[in-house]
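Here is how the chains run, residue by residue.
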Amino acid sequence: MIQSTNEEASAWRRKVSDFVGYGTVAVTIGILFFFLVLPVSVIMARAFFNNGEFTFRYFPLLFSNELLMGSIWNSVLIGIVATIFTTILSFPLALINARFDFKGKALLSGLLLVPMVMPPFVGAIGIMRFFARRGSVNLTLMDMGWIDTPIDWLGPDNMFWAVVILEVLHLYPIMYLNLTAALANVDPSVEEMATTLGVPKWKQYRDIVWPLARPGYFAGAIIVFIWALTDLGTPLLVGYHETIPVQIFNMITDVNENPVGYALVFLVIVMTVSFFVISKKALGGKKYEMMAKGHVSNEKKHPSWWGYPLIYGLVGGTAFIALLPHLAVLITAISDKWFMTPLPEQYTMEHFKQVFGTDLAFNGIKNSFFLAGLSTLVDLVLGLLIAYVIVRKLVPFTGALDGLVMIPLALPGIVLAFGYVVTYSDTILDPLHNPVPLLVIAYAIRRLPYMVRSATAGLQQMSSSLEEASTTFGASRFHTLRKITVPLVMANLIAGALLCFSYAMLDVSDSLILAMKERFYPLTKAIYVLFLEQGTGELVASALGIIGMAILIVCIMGSSLVLGKKMGELFRS
Amino acid sequence: MEVVFKGIYKRYGQVTAVHNLNLKIEKGALHFLLGPSGCGKTTTLRMLAGLEAVSEGQLFFNGKDVTKQPAVERGIGMVFQNYALWPHMTVYKNIEYGLKLRKLSKEEIKRRIDEVVAITHLGNFVDRLPGQLSGGQQQRVALARALAIRPNVLLLDEPLSNLDAKLRMEMRDNILRIHKQTGITTLYVTHDQREALSMGTNVSVMHAGHLIQTDNPRTLYTTPKTAFIAGFIGETNPVDAVVESVNGSETTVRTSFGLLRSTYQSATFNAGDKVSLSLRPEAIHIDWTKSGTGENYFMTNVEHLTYLGESEQFLLRAAGGHCLKVNFYHAPDHSFHEGSEVGCTIDASDVLVLPPQDMGPST
């Protein structure tokens, strides 16, 4: 028999549990409102209102500004060309991964992913070093007698291609992961059926595989496009200033005198949102459910004798080329005497020592660990709760909540950072005083989608009867979450957290814009500032970059191990 | 604990999953809820557990209204169809979980775990994780976990459906034994009529959200209330017919192969009513000599013959194209063949007159 005191106690416990549940939902929505919806709204409002009066004059100013119009054109072109190139590069790689089995596949597949977390702007340092007028490439070519005068690889005409190549080498893993996941999702039996009907192989790809894999492709393509279009670090370091991100970056300091910045950022928002919608609705098409439940042969083919060199060449070659800029950074970081020779004459660890000797560099590492760690913690708590609310349908508007949380995937970091500066200047959160709160929030919000996706995947795989069983024993929702749910989705949480942490560590746009005091510079801003310094600054910057990359490699390898093939799903919109 | 459902409804938007359910489960009974998948039996069970809210009606435990009480306070032990064992906890921890929530003393927890482990013969497995157990062992852990809290009511949701045939037989005996030992009021949900018939004394049959009949298995089989139950419990030949005349407890019906007299009607019918007959395969007798005459006698042709080992099943075609299954044990000889004509006879008490199928369930 149940005693009434017991009943009262449990009723009280349930109230607490309900309060915690609804409280977290309220806090989540509050955070998303103040740090996602509000900043974007402020930008929009300022683009159209001047001292409370509606105005349309910023846009003619924007469209008549040749520099800005040129920048928009350049950036869109970077986005388009980078997307096309990543597609060409990723399709064969994904097909190989989905269809073939070969020795060393796990290692090579892992290696292919490494460039994803390699900050392209650090790679830019290496590229600049190698392709400079008196850099390794020119010197080698001259030594071999192929050219007489150095080629201006990074001249104004070639900067565009330098940025595109760096973006492609950085972003192709996202496309590759998406395509692999999409192709793996195509049940082999639908192809086998077509084969029995006598449909030729190429027609099968055109009529069956492609329509089924298309939503996955466009989900990846739009991310590549938007990221390439809005990446700040790479064009900044290459010196290609006629691009949207660099222009916005330059406008932030005097945005109060020059409101055209609002119009430009507004235009970027409109552009990314409309590209996003187009890719989802029009190009991506319907997402089809795979209905086959019967025997699915997971057997993968072994390549034929001539296939092996092709596959190794393609996979290994891609990974090698993608890592080349970072190899160049490594050589730069350990170079001692390097003057007019293709490779340094002597090597040293001196620059690594300098990293730990200078406040700027060492603080950068410390700050980034602190900021990325804290933001990951925020993501972990928020992401789990949001995923829980969405999967268990605890509130009626889960669809809207899911959409809201996924916005940061499409919203460029530079837009968000810009929004924070204009919204929170002269408030208690002013980054001029202490940028830590805004940096943590910016890092957290932008990586929240990965955490939510990761936790959602875990929760969906977990039978809800495991939680119900706990409920029948009298456990509150909160108790069940703690004792049953969290331990069971731990792998997904760890993987998501590692990914959030990695991306926060190499965040460029938020760091460059929001960290306004040297004391608070994160790793990336420290690298940028060192890079601009005279003397050995570039070398210390490289060493710092190598340390950052080492941290990231450990993280990404870890999450890849925990999550396996499911990683592709994190980069979907 | 006596459990009473009073006028219970469950609606999901426009869909009514459970329709005006009235049922009393006696204290200490092992009660079966039987029905095809989608009939609302699991929904009923989940409402009892407090996992689903009741849309309308009341639920009583020992006369106390618990309709609004949350799962937490009902003192329910539940065995889920997929067992829902927590894969990250050992068998011991799985059982301990519910006890810890009850803030029992360490000694009491230990004592209770030992008790249910002994009852379910799990002694050697307490330190294993669920993934290291066989299906039958997992099933026993789920049972032990539910029993440990000494529930007011034990709910079993298709507990044997994930086991192979041999293990299923073994577990039936196990569950009966444990029920006898503990005397806990138990509601057992299943879609397997043989499970319910062989184990139960109280069986409630549900169909399309309605509870149609609650009886012991023999009564369900011999005097079903509807054509659905006649077809669901055991095998039968459903035959459409029209009432010709009613004379006290006797009814004469017209079928495509002649008039039949019946002494069992599940409801009151009038001349001209459309009805559905249930003729059990073993109730029809074959007359090889074809010499019979009189009431409840009709001629058929052997359409097909299936050898089943201990018996043979004939498929006979009667006049009007009706096909009847007839079970025959020890056929005298095999001088007949497919196509040959035989006579059939059936007792008036074996002609069950039921409401027509398409009228839907009635209560």
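Everything quoted here is computed from the prediction, not taken from an experiment. What you see as residue numbers is a count from 1 along each chain, following the sequence as written. Written order decides the labels, with chains lettered from A and ligands numbered from 1. Only residues with pLDDT of at least 70 are given local features in this predicted model, and only at 80 or more are side-chain atom pairs given and counted; all residues enter the totals for whole chains, interfaces and linings. Heavy atoms from the whole structure form the basis of all side-chain values; hydrogens and water molecules are not counted.

## With respect to the overall build of chain B
Working step 1: Helix and strand labels come from DSSP, where a helix needs a run of H or I of at least four residues and a strand needs a run of E of at least two; each type is numbered from the N terminus. When you go through chain B residue by residue, the secondary structure sums to 9 helices and 21 strands.
Working step 2: With a 1.4 Å probe rolled over the protein chains alone, any residue whose accessible area is under 20% of its type maximum counts as buried; one over 50% counts as exposed, and the rest are partly exposed. Looking at chain B as a whole, 52% of its 363 residues qualify as buried.
Working step 3: Any two residues whose heavy atoms approach within 4.5 Å are treated as being in contact. Pairs at least 24 apart in sequence give 67% of the contacts found in chain B among residues at least 6 apart.
Working step 4: Of the accessible surface of chain B, which amounts to about 16200 Å², a share of 50% is contributed by carbon and sulfur atoms.
Working step 5: Counting rule for charge: Lys and Arg are taken as positive, Asp and Glu as negative, and neither His nor the chain ends is counted. The atoms used to mark charge sites are NZ of Lys, CZ of Arg, CG of Asp and CD of Glu. Here chain B holds 37 positive side-chain charges and 37 negative ones, and the gap between their average locations is 12 Å. In these tables, accessible area is a Shrake-Rupley quantity obtained with a 1.4 Å probe, and a residue counts as shielded only by the protein chains included in the view.

## Quick word on empty space enclosed by the protein
Residue and element names in this part refer to chain A.
Working step 1: Only protein atoms enter the 1 Å grid used here, on which a cavity is any set of points holding a 1.4 Å probe that cannot leave and a pocket is any open set flanked by protein within 12 Å on both sides along at least five of seven lines; residues with an atom within 4 Å of a point are listed as lining. Grid points are joined across faces, edges and corners, and a volume is the space filled by probe spheres set on the points. Scanning the model with the defined rule gives 7 cavities of 30 Å³ or more in all.
Working step 2: By volume, the largest cavity is sized at about 410 Å³.
Working step 3: Lining of the largest cavity is provided by 27 residues; of these, Trp227, Asp231, Arg446, Arg447 and Ser509 occupy positions nearest its centre.
Working step 4: At 4 residues, helix 9 (residues 201–230) tops the list of elements feeding residues into the lining of the largest cavity.
Working step 5: For every domain, the bounds stem from an assignment made automatically or drawn from a database. Shared between two domains, the lining of the largest cavity takes at least three residues from each, and those domains are domain 1 (13–32 + 352–573) and domain 2 (74–245 + 309–348).

## Thoughts on the environment of Asp231(A)
Residues and elements named next belong to chain A.
Working step 1: Residue position: Asp231 is located in the loop between helix 9 and helix 10 (233–238).
Working step 2: Judged by its relative accessible area of 16%, Asp231 falls in the buried class.
Working step 3: Remark: the alpha-carbon pair of Asp231 and Gln247, spanning 16 residues in sequence, is separated by 12 Å.
Working step 4: Not counting residues up to four positions away in its chain, the partners in contact with Asp231 are Pro120, Glu167 and Pro245.

## Here's the deal with the side chain of Glu468(A)
Working step 1: By the secondary structure assignment, Glu468(A) is in helix 19 (residues 465–472).
Working step 2: With near-sequence residues (within four places) excluded, Glu468(A) lies in contact with Arg46(B), Leu51(B) and Phe80(B).

## Structural notes on the interface of chain B and chain A
Working step 1: Contact residues are listed per partner, giving 30 residues for chain B and 24 residues for chain A.
Working step 2: Take the accessible area each of two parts loses on contact, using a 1.4 Å probe, and add the two losses: that sum is the buried area. Both faces combined, the contact of chain B with chain A buries some 2200 Å², and carbon together with sulfur accounts for 64% of it.
Working step 3: Any carboxyl oxygen of Asp or Glu within 4 Å of a side-chain nitrogen of Lys or Arg constitutes a salt bridge here. Counting every contact that joins chain B to chain A gives 1 salt bridge.
Working step 4: Between Arg46(B) and Glu468(A) there is a salt bridge, with the nearest N and O atoms lying 2.6 Å from each other.
Working step 5: Two N or O atoms form a polar contact when they lie within 3.5 Å of each other; inside protein one atom must be a possible hydrogen donor and the other a possible acceptor, and for residues adjacent in sequence the pair counts only when both atoms belong to side chains. Where chain B meets chain A, there are 7 residue pairs in polar contact (both at pLDDT 80 or more).
Working step 6: Elements with a contribution of two residues or more to the side of chain B that touches chain A: helix 2 (71–74), strand 6 (76–79), helix 3 (91–101) and helix 5 (135–148) of chain B.

## Some points on the pairing of strand 17 (residues 297–307) of chain B
Residues and elements named next belong to chain B.
Working step 1: Strand pairing is assigned whenever DSSP identifies at least 2 bridges connecting the two strands. With 5 bridges connecting them, strand 17 and strand 20 (residues 341–346) associate as antiparallel partners. From the neighbouring strand, Met299 faces strand 20, where its bridge partner is Gly343.
Working step 2: Bridge count between strand 17 and strand 18 (residues 312–318): 7 bridges; the pairing is antiparallel. Of the residues in strand 18, the one forming a bridge with Leu305 is Phe314.
Working step 3: What sits between strand 17 and strand 18 in their antiparallel hairpin is a turn of 4 residues, with Gly309 showing a positive phi close to 90°.

## Describing the sheet that holds strand 21 (residues 352–354) of chain B
Residues and elements named next belong to chain B.
Working step 1: As summarised here, the arrangement of the 6 strands in space is 13-12-11-15-21-14, forming an open sheet in which the pairing is mixed. Lying at the two open borders of the sheet, with one neighbouring strand each, are strand 13 (258–262) and strand 14 (264–265).
Working step 2: As paired strands, strand 12 (residues 250–255) and strand 13 are joined by 5 bridges and run antiparallel to one another. Note on strand 13: the bridge partner recorded for Arg254 is Leu259.

## A few points about the sheet that holds strand 6 of chain B
Residue and element names in this part refer to chain B.
Working step 1: Strand order in the open sheet formed by 6 strands is 6-7-8-3-9-10, and the pairing between neighbours is mixed. The open sheet has two free edges, formed respectively by strand 6 and strand 10 (210–215), since each of these has just one partner strand. In this sheet, neighbouring strand axes are inclined to one another by 20° on average, regardless of whether the strands run parallel or antiparallel.
Working step 2: In the sheet, strand 3 (residues 30–34) pairs with strand 9 (residues 202–207) via 4 bridges, with the strands oriented parallel. Residue pairing across strands places Leu33 opposite Ser204, the latter belonging to strand 9. The angle between two axes is taken between their N-to-C directions and runs from 0 to 180 degrees, where each axis is a line fitted to C-alpha atoms and a helix contributes only its stretch in contact.

## Thoughts on the nonpolar core
Working step 1: We define a nonpolar core as any set of buried Ala, Val, Leu, Ile, Met, Phe, Trp, Tyr and Cys residues linked to one another through side-chain atoms lying within 4.5 Å. Counting residues in each nonpolar core, the largest one holds 258 residues, and the members touching the most others are Leu544(A), Phe5(B), Phe61(B), Leu155(B) and Val205(B).
Working step 2: No other element matches helix 7 (residues 159–184) of chain A, which puts 17 residues into this core.
Working step 3: Leaving out residues up to four positions away in the same chain, Phe61(B) has contacts with Met1(B), Glu2(B), Val3(B), Leu48(B), Val66(B), Arg74(B), Ile76(B) and Val153(B).
Working step 4: Counting residues in hydrophobic clusters, the runner-up holds 26 residues, among them Val275(B), Leu277(B), Leu279(B) and Val342(B).

## Some points on the state of the cysteines
Working step 1: The disulfide criterion is simple: two cysteine sulfur atoms within 2.5 Å. A complete count under the given rule lists 0 disulfides over all chains for this structure.
Working step 2: Cys323(B) takes part in no disulfide bond, and the closest cysteine sulfur to it belongs to Cys344(B), at a distance of 12 Å.

## Quick word on the pairing of strand 15 (residues 274–279) of chain B
Residues and elements named next belong to chain B.
Working step 1: The element strand 15 is extensively covered by neighbouring structure, given that 5 of its 6 residues are classed as buried.
Working step 2: Here 6 bridges tie strand 11 (residues 237–247) to strand 15, and the two strands are oriented antiparallel to one another. In the strand pairing of strand 15, Asn237 is matched with Leu279.
Working step 3: Bridge count for strand 15 against strand 21 is 3 bridges, and the pairing is antiparallel. Counterpart to Ser278 in the pairing with strand 21 is Leu352.

## Observations concerning the packing of helix 3 (residues 66–99) of chain A against helix 11 (residues 244–251) of chain A
Residues and elements named next belong to chain A.
Working step 1: At a closest axis distance of 8 Å, the pairing of helix 3 and helix 11 adopts a crossing angle of 140°. What the angle tells us is that helix 3 and helix 11 run oblique. Along its contact with helix 3, which presents Leu67, Leu68, Ser71, Ile72 and Ser75, the element helix 11 presents Ile244, Pro245, Gln247 and Met251.
Working step 2: Gly is put with the polar residues, along with every residue not named as nonpolar or charged; the nonpolar set is Ala, Val, Leu, Ile, Met, Phe, Trp, Tyr, Cys and Pro, and the charged set is Asp, Glu, Lys and Arg. Considering only residue class, the contact of helix 3 with helix 11 consists of 6 nonpolar, 3 polar and no charged. Note that the term roughly parallel is reserved for angles under 35 degrees, roughly antiparallel for angles over 145, roughly perpendicular for angles of 65 to 115, and oblique for everything else.

## What to know about the packing of aromatic side chains
Working step 1: A pair of aromatic rings is counted whenever rings of Phe, Tyr or Trp (Trp by its six-membered ring) have centres within 6.5 Å, and the orientation is called stacked for planes under 30 degrees apart, edge-to-face for over 60 and tilted otherwise. A complete count under the given rule lists 23 aromatic pairs over all chains for this structure.
Working step 2: With a centroid separation of 6.0 Å and 80° between ring planes, the pair formed by Phe35(A) and Tyr420(A) is classed as edge-to-face. Within this pair, whereas Phe35(A) is found in helix 1 (residues 4–48), its partner Tyr420(A) is found in helix 17 (residues 413–424), the two being separated by 385 residues in sequence. Side by side, Phe35(A) and Tyr420(A) carry an identical accessibility label, which is buried.
Working step 3: Aromatic ring contacts, followed pair by pair, group Phe35(A), Tyr420(A) and Tyr424(A) into a single cluster.
Working step 4: Two conditions define a charge sitting above a ring: the NZ of Lys or the CZ of Arg must be within 6 Å of the ring centre, and it must be within 35 degrees of the ring normal. A cation sits over an aromatic face here: Arg145(B) above Trp86(B), 4.3 Å from the ring centre.
Working step 5: Just above the ring of Tyr221(B) sits the side chain of Arg280(B); from NZ or CZ to the centre is 3.9 Å.

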